[in-house]
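# Secondary and tertiary structure notes
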Amino acid sequence: MDARSVKKLVTSILNSYPIGLITTWDQPQNNPHTPGEPLKLKGNAVYKNYSVNPAVIKLVLDGKQRLTTLAMVFGGFKANGGQYAFSGEWFIDLDALLNNKDLGIVLYKKQSEIQSKSLNVITTCIRHLLIPLKDFHRLSDYIAKIHDPATYPNAEYPPQAEREKRVESLKGLQKTYESFLIPFAEIPNTISLGNVCEIFDVLNTTGTKVSTFDLLHNMLFKDSSGSFNLREKFNECANLQSIGLLCDEGRQEFFCQVITGCNCIMSAPGRNGIKISSIKGPDLINTTLAFYNQVCANLSQLDEFASNFFENVLRFEVSLSELPYPASAVIYFSLRWKMFSEAASYSREELEAVFRAFYWRNVLSNRYDQGFLTQFSVDLKKLDQILESKHPLYNGPNWVKEVNKDLNDLFGNDYPISDVNELKAELLSEDTRGALRQLYLIQLKSVTHRDIVDNSNLDWDSVVKGDRVQIHHIFPQDWCKNNAAAHLAISDYGVNCLANLTPLKAGTNNKWRANGPKTAIANLEITFQNNSAALSGAYIDSVSFALLAQDKVGEFWERRADAIANDVYNAQFVC
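In this report, we go over the structure that sits alongside the text. (Residues numbered from 1 in each chain as written. Predicted model: local features only at pLDDT ≥ 70, side-chain atom pairs only at ≥ 80, totals over all residues. Heavy atoms only, no water.)

Before going further, it helps to spend a moment on the overall build of the chain. Each helix and strand in the chain was counted, giving 27 helices and 10 strands. By the compact-globule yardstick of 25 Å for 575 residues, the chain is too spread out, its C-alpha radius of gyration being 31 Å. Considering only intrachain contacts with a sequence separation of at least 6, the fraction spanning at least 24 residues in the chain is 71%. In the form shown here, the chain has an accessible surface area of approximately 27400 Å², with 47% of it arising from carbon and sulfur atoms. (Helix = DSSP H or I, 4+ residues; strand = E, 2+ residues; numbered from the N terminus. Rg over C-alpha atoms; globule rule 2.2 N^0.38 Å. Contact = heavy atoms within 4.5 Å. Areas by Shrake-Rupley, 256 points an atom, 1.4 Å probe, with all protein chains shown as cover.)

The pairing of strands in a sheet comes from backbone hydrogen bonds and takes either a parallel or an antiparallel form. Reading across from one edge, β6-β5-β7 is the order of the 3 strands in this open sheet, with antiparallel pairing throughout. Only two strands of the sheet have a single partner each, and these edge strands are β6 (106–109) and β7 (130–132). Along the sheet, successive strands turn relative to each other by an average axial angle of 40 degrees, direction set aside. Bridging between strand β5 (residues 89–93) and β6 involves 4 bridges; their strand directions are antiparallel. Within β6, the residue paired with I92 across the bridge is V106. (Pairing = 2+ DSSP bridges. Axes fitted to C-alpha atoms, helices over the stretch in contact; angles between N-to-C directions.)

Quick look at the environment of L373 now. Mapping L373 onto the fold places it in helix α17 (residues 372–390). For the pair L373 and I279, spaced 94 residues apart in sequence, the C-alpha separation works out to 6.3 Å.

With 127 residues, the main nonpolar core has F309, F355, Y359, L383 and W557 as its most contacted residues. No other element matches helix α16 (residues 348–364), which puts 9 residues into this core. Setting aside residues up to four positions removed in sequence, F355 forms contacts with F309, V313, S328, A329, I331, Y332 and L383. L70, L130, L133 and L170 belong to the second largest nonpolar core, which has 44 residues in total. (Core = buried A, V, L, I, M, F, W, Y, C linked by side-chain atoms within 4.5 Å. Buried < 20%, exposed > 50% of the residue type's maximum accessible area, 1.4 Å probe, protein only.)

All right, on to the packing of aromatic side chains then. What the rule picks out here adds up to 29 aromatic pairs. Where F309 meets F355, the ring centres are 6.4 Å apart and the plane angle is 55 degrees; that geometry is what we call tilted. Of this pair, F309 sits in helix α14 (residues 299–314) while F355 sits in helix α16, and the two are 46 residues apart along the sequence. Residue F309 shares its accessibility class with F355, and that shared class is buried. By the ring-pair criterion, three or more aromatic residues cluster together here, those being F309, F310, Y332, F333, F355, F358, Y359 and F411. One residue, R367, lies across the ring of Y415, its end atom 5.9 Å from the ring centre. (Phe/Tyr/Trp six-rings, centres within 6.5 Å; stacked < 30°, edge-to-face > 60°. Lys NZ or Arg CZ within 6 Å of the ring centre and 35° of its normal.)

Before going further, it helps to examine the sheet that holds strand β8 (residues 184–187). Strand order in the open sheet formed by 3 strands is β4-β1-β8, with mixed pairing between adjacent strands. Both edges of this open sheet fall to β4 (58–62) and β8, since each of them pairs with a single strand only. For this sheet, the mean inter-axis angle between neighbouring strands, taken without regard to orientation, is 30 degrees. Inspection of the sheet shows strand β1 (residues 22–26) paired to β4 by 4 bridges, in the antiparallel sense. Residue pairing across strands places D26 opposite K58, the latter belonging to β4.

With that out of the way, let us pick up α17. Compared with the 27 Å implied by 1.5 Å per residue over 19 residues, the 26 Å span of α17 between its first and last C-alpha is a close match. Residues of α17 that are buried: L373, F376, D379, L380, L383, D384, I386, L387 and K390. The buried residues of α17 occupy an angular sector of 160 degrees when the element is viewed end-on, so they sit on one face. (Expected span 1.5 Å × (residues − 1). Arc of directions from axis to C-beta.)

Our focus in this paragraph is the packing of helix α11 (residues 253–266) against helix α15 (residues 326–340). Contact geometry for α11 and α15: axes closest at 8 Å, N-to-C directions at 45 degrees. If you check the angle between α11 and α15, you find them oblique. You can see that α11 and α15 cross each other, and the crossing is right-handed. Of α15, the residues touching α11 (which contributes F254, Q257, V258, G261, C262, I265 and M266) are P326, V330, F333, S334, L335, W337 and K338. The residue makeup of the contact of α11 with α15, split by class, is 10 nonpolar, 3 polar and 1 charged. (Parallel < 35°, antiparallel > 145°, perpendicular 65-115°, else oblique. Left-handed = near helix turned anticlockwise from the far one by under 90°. Nonpolar A, V, L, I, M, F, W, Y, C, P; charged D, E, K, R; others polar.)

Printed below as a string of structure tokens:
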């Protein structure tokens, strides 16, 4: 929440524009489903006027930020201490209102300015043409003072026409304020906590962000009498080297899904003995404090699992937002937890060989596009069965054949292996989006270790401006735009097709993109012989390099797409 968003919301209200829906959850009298917390600001400011919770409570599920804004602007809610943002008050600039200056109607004043200018006095506010929004419930008191000569000392009494304009403007605001309706929906108290979490899953899928994580934090905090703080555990995990990449403030529930996934594989009982069988909302809620304590006491193990996942499954480190189908990664963490708990007979090498093939095939088939939370539990159980049942064959001649056969059975006829031609078509289309595009980019990043222009090592962690590594175009965008008429492949495949992308340093990309590849190769004196390691690592062999050096864009893209597709095809199998 920032000043701009506050002003935008208040301006919408003053113009009678609709604002977003507030969703609440009614609680059983004297026995709420879960603890809640009041609106808060910095300096331990809390918006409530009671010390003991009332018998009737309604918890806000969606719209907390809007309610906080309304409490600040119209209710006088403020942070404690002048050093914090939002420790002052909000005003209507009557001059801006009268002159139709929409952007400047709502003003924020610090507490120090309010005190120094006496903006807590009605007559002073009228003279300054600043009306406190927190006093809108008593706007009549301000209107009554506008025509009072005592309001204006030192012969400042405005003309009657001006005073009438001010009165009419405030009356208009008063009418809008008193008639404005806030859209409101309430979930009845008969709906359980688990069902509410399922509602959250639907809302999050459709773009309305609500937080299962906050509910879990409150429940675990209450269960532990305040000794277990889920937010602190999340932050501790976020500071670790590998698992920290998968700790996203915007998707904190992934941390909870990992823990509940570990609970699934261990068949540890949930709250009240309930069986935990998925990573859906109800099972997240029913994962016990005892199991959270067990996993959170071993966060270093989760960090090791993440490190191995990046190294041996993806072969590249990514953030959670870059990871295709994060729910499928929870399967890996869960199976590793079983191994850590000494409950598995199979080794990490067996697990990673099978899981890598499963993961890549799963993404390439788009199998988790819908219903992935349900599919998760089926896949977790099946992969565990494959690994356990085929473990006696490991290191023998038939293990690879048998586990590949079992993976075929897991995917079934509805999700056949993607063949090379299908993969090549995806690489040649700039319309390839979502998880598929993420996976192909991971493949490019994982094999390209050197800059194709200057043969230097690529350091994805570099913060030096010229050395920062990003995905760039091999045939530059401007070149493609200027040469589209001469090369039909540019319109057929698109400049942003994956076959035209490669990691490059910012500095070398600036040199490369200044001209077409043919000119850049000549000017920079690049040869395949002196740059073979970098070029081969980027799926550019000697034939492809010759095509690149002649600006044969279509043939180059097709040959490079074929090379990438063959590598990706092989990733679908246990080798």
